[in-house]
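Below are the chains, spelled out letter by letter.
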Amino acid sequence: MKLYKALAITAAGSLFIGVAQAETYKIGITQNNVGVDSYQTTYEQAFIEAAEANPDVEVVVMDAGGDVARQIQQMEDLIQQNVDAIIIWPTNGQAVIPAVRKAAQEDIPVIVTNSNIAEEGFDFVASFSGPDNITQGRRSAEIMCEKFTEMGIEDEAQIVQITGQPGYTTAIERAQGFEERLPEVCPEVTLMETQPGDWNREKSQTVMEAFLVKYDDIDGVYAGDDNMGVGALNAARAAGRDGIIFVGATNFAVGYEAMERGEYWGSIYQSPVDDAEAALQTAIDVLNGEDVPFLNYFDTPKITQDNMDEFSKPVF
Amino acid sequence: MADTATNPVSLKRAGNFLARQGILVAFVIFMVGFALANDRFLDMDNVLGVIRSSTILGVMALGVTFVVISGNLDLSVGSMMSFATIVVLDLHDKIGPELAIPLMFVMTMSLGALIGFLVGYLKLNSLIVTLGMLSAIHGLTLTYSGGKNIDIADKEGTWFSILGQGSALGIPIPILIFLGLAALLSILLTKMPFGRKVYAVGGNGTAATFSGIRRARTVFCCYLISSFCVATAGLIQASRSMGSQNTVGQGMELEVLAAIILGGASLMGGSGTVFKTVIGVLILGFIQNGLLLIGLEFYVQYIVTWIIIILAVWLDIAAKRGRLWSPIA
């Protein structure tokens, strides 16, 4: 623990960026768990690059390593350093609220990035910058329905859903958006069963194997992200079940490649670079006293085999 | 006349068998239960599918069984498996599978050797050492990969996928690797002097030392076997998905221990067999699959899984003492 703290402090110290100038904003960020996946790694790089490109900001970059206690400590460190604004990528939507409240009481605006904190904490947050997961789920439902209509099976198609880790807001919201929108656009399509794949490709593959045994006729699979979508695709390929329409979210490089091969139909394009830049911009806008919406979403468009050449391959 | 004479004997034999193999009885009961609940549960495809997806956990559990019998723990196997998977995938594209596989084994087994040295020769507490290694190796993996997912670029043009996805004689290769390794390690544990030393060291370390067994070396070898199995599991994992997150093995150390304890090995050391571990692994795999096929709400699955594990352990103990309940342990 001591070692971690020492590391965090050294890391923070070495990451002071920008020139000391009267007009610069000093913005601190405490991230969830950099390095645990490519999205978060790319996010951090993009955030630092965006900050370097902007002469008016100086950033203090910290990472909680997935540990709530460490994140709360980092929030307190940032308050001590008297930064102008704090960006937080919550390790836990509930547990960080007291720390967020403390910052708000010190008149330091807090911007939540990527995944929102629980509703009780909204009073202490200046703005949330991130993807709109409910809209993402709704768009995935539309992608799937449009494809079924094109194939002429919108009256009979049967699908299964593989969600992210139970209890995670992102997982819950995507499933909610999908389940709400699907009956609106394709009322005849049946969602036969939903099981969690825990954001894990191997777990998702195992779940899909059981679905394939259980159901003789599966026309579509909606997965909470591409990692799980590709796991499900692998299971279908191994079982020799062709013609299943796979739709995911958070387009990963593996999903993009599977789309290139024509095996995976579509996903939602969510760029960690956009995510990081939006967070920094939201913080600057708040500090400039601009009118920022409380839920400041950045756009996450639909990507399918038809329009994928408009998008570059994700780096993660 | 002959009947009355042989019956008690064969009954007693059956009783003895049950007492020794209580966990096997529990396994059969669950299988029948799930088969009644879903008519596809016993389909050959499903059974092979479950065994195949249990092999990664299974191969790891084989190695850890040695460590547990020798009276130690290994909590590092989950993150070590992530390490092996990431390394072999990364090296595959850099130096080709022929070199990547042996190099990955060397790297993974050096970690095992390090743990074996610390626990065996320096006599450090295995819980502390391997718990520390759990996060240290995770850090090592992340440093190696820079946190990125590693994917094999050309997934179609390599024979590497055979190990995880191919099959021979209608049986998936991972199952063949798992069973082959289980047979080999079972012989090592029961028929070779080394195996007796492992039991002796775990049963009573001091007595083993006075009997002239080199305790440190035995413990060291157990960790080496464990890391060899972990490397094999990582290889199957990598070949199965041809790409991986850095956290692929996260949390598996506890599932591995659950399977081994379910099999009836004692965490105090000195008891356990490879065969029972295999049964423990299969029980966990079939519970997960059976609950999925029944289509139980997934939040409930966590609870039901726990209940089934407790039932299995209870049946095992009850069979050993010959009654379902006993006032004196």
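Residues numbered from 1 in each chain as written. Chains lettered and ligands numbered in written order. Predicted model: local features only at pLDDT ≥ 70, side-chain atom pairs only at ≥ 80, totals over all residues.

### Quick look at the overall build of chain B
Looking only at helices and strands, one finds 14 helices and 4 strands in chain B. Against the 2.2 N^0.38 benchmark of 20 Å for 329 residues, chain B shows a C-alpha radius of gyration of 21 Å, consistent with a compact globule. For chain B, the spread of C-alpha atoms along the three principal axes comes to 75 × 55 × 40 Å. Buried positions account for 48% of the 329 residues belonging to chain B. Counted over contacts in chain B with a minimum sequence separation of 6, partners at least 24 positions apart contribute 78%. (Helix = DSSP H or I, 4+ residues; strand = E, 2+ residues; numbered from the N terminus. Rg over C-alpha atoms; globule rule 2.2 N^0.38 Å. Buried ≥ 20, exposed ≤ 12 C-beta atoms within 10 Å, placed from the backbone. Contact = placed C-beta atoms within 7 Å.)

### Focus on the overall build of chain A
Check the secondary structure of chain A and you find 10 helices and 12 strands. Scaling as 2.2 N^0.38, a compact globule of 316 residues should have a C-alpha radius of gyration of about 20 Å, and chain A matches this with 21 Å. The principal-axis extents of the C-alpha atoms in chain A amount to approximately 65 × 40 × 35 Å. Counting all 316 residues of chain A, 53% fall into the buried class. Taking the contacts inside chain A whose residues are at least 6 apart along the sequence as the reference set, 74% of them involve residues at least 24 apart.

### Concerning helix 4 (residues 97-105) of chain A
All names here are of chain A. I97, A99, V100 and A103 are the residues of helix 4 that are buried. Buried residues in helix 4, looked at end-on, bunch into an arc of 160 degrees, giving them a common side. Of the exposed residues in helix 4, those oriented more than 90 degrees away from the buried face are P98 and Q105. (Arc of directions from axis to C-beta.)

### Observations concerning the nonpolar core
Counting 172 residues, the largest nonpolar core has A:V221, A:A232, B:M60, B:A84 and B:V256 as the members making the most contacts within it. Looking at which domains feed residues into this core, each of domain 1 (2-131 + 272-298) and domain 2 (133-269) of chain A supplies at least three. If near-sequence neighbours (up to four positions away) are discounted, A:A232 is found in contact with A:I162, A:S204, A:Q205, A:M208, A:V221, A:A223 and A:F246. (Core = buried A, V, L, I, M, F, W, Y, C linked by C-beta atoms within 7 Å. Domains from an automatic or database assignment.)

### A few points about the sheet that holds strand 5 (residues 127-130) of chain A
Residue and element names in this part refer to chain A. Strand order in this open sheet of 6 strands is 2-1-3-4-5-11, and the pairing throughout is parallel. On the outer flanks of this sheet lie strand 2 (57-63) and strand 11 (295-297), each paired with one strand and no other. The sheet shows a mean angle of 20 degrees between the axes of neighbouring strands, taken without regard to direction. Here helix 10 (residues 272-287) sits on the sheet in contact with strand 1 (25-31), strand 2, strand 3 (85-88), strand 4 (110-113), strand 5 and strand 11, set at roughly 160 degrees to strand 5. (Pairing = 2+ DSSP bridges. Axes fitted to C-alpha atoms, helices over the stretch in contact; angles between N-to-C directions.)

### Here we look at the pairing of strand 8 (residues 220-223) of chain A
All names here are of chain A. Burial along strand 8 is two-sided: the face carrying G220 and Y222 and the face carrying V221 and A223 are both buried. Pairing of strand 6 (residues 158-163) with strand 8, which is carried by 4 bridges, proceeds in the parallel orientation. Paired with V160 across the strands is V221, a residue of strand 8. Where strand 8 lies against strand 9 (residues 245-247), 3 bridges are found, and the strand directions are parallel. Note that in strand 9 the partner of G220 across the bridge is I245. Remark: the strand 8/helix 8 (residues 226-238)/strand 9 crossover connection has right-handed handedness. (Right-handed = clockwise from strand over helix to strand, strands pointing away.)

### Quick word on the packing of helix 3 (residues 44-69) of chain B against helix 12 (residues 252-262) of chain B
All names here are of chain B. Helix 12 packs onto helix 3 with a crossing angle of 70 degrees between their chain directions and a minimal axis gap of 9 Å. Relative to helix 12, the element helix 3 lies roughly perpendicular. The handedness of the crossing between helix 3 and helix 12 comes out as right-handed. Of the residues in helix 12, those touching helix 3 at L57, M60, A61, V64, T65 and V68 are M252, E255, V256, A259 and I260. Partitioning the contact of helix 3 with helix 12 into residue classes produces 9 nonpolar, 1 polar and 1 charged. (Parallel < 35°, antiparallel > 145°, perpendicular 65-115°, else oblique. Left-handed = near helix turned anticlockwise from the far one by under 90°. Nonpolar A, V, L, I, M, F, W, Y, C, P; charged D, E, K, R; others polar.)

### What about the domain arrangement of chain A?
Residue and element names in this part refer to chain A. Here chain A is partitioned into domain 1 (2-131 + 272-298) and domain 2 (133-269). Placing the centre of domain 1 and that of domain 2 at their C-alpha centroids yields a distance of 33 Å. If you look at the interface, domain 1 gives 4 residues, while domain 2 gives 4 residues.

### Considering the confidence of the model for chain A
Averaged over every residue, the pLDDT of chain A is 89; the share at 70 or more is 93%. When the criterion is pLDDT under 50, residues 1-22 of chain A qualifies, and its contacts beyond four places in sequence or with other chains add up to 18 contacts. (pLDDT = per-residue confidence, 0-100.)

### Quick notes on unusual backbone geometry
All names here are of chain B. Within the chain, L169 stands out as a residue other than glycine whose phi angle is a positive 55 degrees. Residue placement: L169 occurs in the loop between strand 2 (167-168) and strand 3 (171-172). Classification of L169 as exposed rests on a count of 5 C-beta atoms within 10 Å. Positive phi is not limited to glycine here, since M242 has a value of about 55 degrees. Within the fold, M242 resides in the loop between helix 11 (215-241) and strand 4 (243-244).

### Thoughts on the environment of B:Q165
Residue placement: B:Q165 occurs in helix 7 (residues 162-165). B:Q165 has contacts with A:A238, B:S239 and B:R240, leaving out every residue within four places of it along the chain.

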